[in-house]
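Residue-level listing of the chains:
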Amino acid sequence: MERWKNSCAVVTGASSGIGAAIVKSLLKADLQVVGLARRIDRMEQLRSSLANSLQSRLHIIKCDVADMISVHEAFDWIEEHLDGVDILINNAGVHIKGQLLTMNINDVEKTLQTNVMGMVYCARRAFNSMKKRNVNGHLVLINSILGHNIPNLGPSVMPIINIYPMCKHATVAMTEVLRQEFRENQTKIKITSISPGLVNTEMTTEVYKTMSALEPEDVSMAVLYCLSTPHHVQVHELTIKPVGEMF
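In this report, we go over the structure that sits alongside the text. (Residues numbered from 1 in each chain as written. Predicted model: local features only at pLDDT ≥ 70, side-chain atom pairs only at ≥ 80, totals over all residues. Heavy atoms only, no water.)

**Overview of the packing of aromatic side chains**
Here the distance between the centres and the angle between the planes together describe a pair of aromatic rings.
For step 1, the next point in the chain: Scanning the model with the defined rule gives 1 aromatic pair in all.
For step 2, the next point in the chain: On the numbers, 5.7 Å between centres and 15 degrees between planes, the contact of Phe127 with Phe182 is stacked. Of this pair, Phe127 sits in helix α5 (residues 105-132) while Phe182 sits in helix α6 (residues 164-184), and the two are 55 residues apart along the sequence.
For step 3, the next point in the chain: Given a relative accessible area of 15%, Phe127 falls into the buried group. (Phe/Tyr/Trp six-rings, centres within 6.5 Å; stacked < 30°, edge-to-face > 60°. Helix = DSSP H or I, 4+ residues; strand = E, 2+ residues; numbered from the N terminus. Buried < 20%, exposed > 50% of the residue type's maximum accessible area, 1.4 Å probe, protein only.)

**Re the pattern of salt bridges**
For step 1, the next point in the chain: If you walk through the whole model with that rule in mind, you get 9 salt bridges.
For step 2, the next point in the chain: Measuring nitrogen to oxygen at the nearest pair gives 3.0 Å for the salt bridge that ties Glu79 to Lys132. Of this pair, Glu79 sits in helix α4 (residues 68-82) while Lys132 sits in helix α5; the two residues are 53 residues apart in sequence, bridging distant segments of the chain.
For step 3, the next point in the chain: Taking the relative accessible area as the measure of exposure, Glu79 reaches 21% and is therefore partly exposed.
For step 4, the next point in the chain: Arg133 serves as the salt-bridge partner of Asp86, at 3.3 Å between the closest nitrogen and oxygen. Pair noted here: Asp86 is in the loop between α4 and β4 (87-90) and Arg133 is in the loop between α5 and β5 (138-142), with a separation of 47 residues, a long-range link.
For step 5, the next point in the chain: The class for Asp86 is buried, based on a relative accessible area of 11%. (Salt bridge = Lys/Arg side-chain N within 4 Å of Asp/Glu carboxyl O.)

Structural data, given as structure tokens:
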């Protein structure tokens, strides 16, 4: 991680869970970190939990990645105050329980807008920032094993994941599409999809809480590994499962 020292890393969905764990890991690796989140109070709590030596390198911006204007305002601030983006961790996501056939359609659209278009909005701004400064940066998309396989929990369990795995399948495709576009734009920007299995976060529903699960810190360690690879190495897809996972 030495080559990233004092570089600017942007983490979306930074206020809790995987995002908060990634923020802490990047700060400890001596990066400037911009945490984008809707819940500023949670970000301030995160800052106050840090060692004094780390607090000044955490920059907090209120941002709803589902809102393109909000994304533009956040990245405009980053370019004005921190020169630009070197690393983007596209982590923000939502899951609203329900069945695709019967749940409120607004919740379906919210999930799609946040989990897919939010990634697109941020990826576009990060790419433009890297390209114009000739920076060989890195985009990391926090994906899910649901982007590769949809488990069937049996006839007695009502599925509640609705459009969420469709969004994660889109993330798999987005990773390859962006890889090809980075190449054809004559850049050396890297892109990585990290697909964890069940992770113990606020998004974990009751039906899964008795199952084997990863911790957010396990995912943040994976992010650091991918960022630490030599300049000629790109981890395209990294899947992480807890030991004993049933899926």
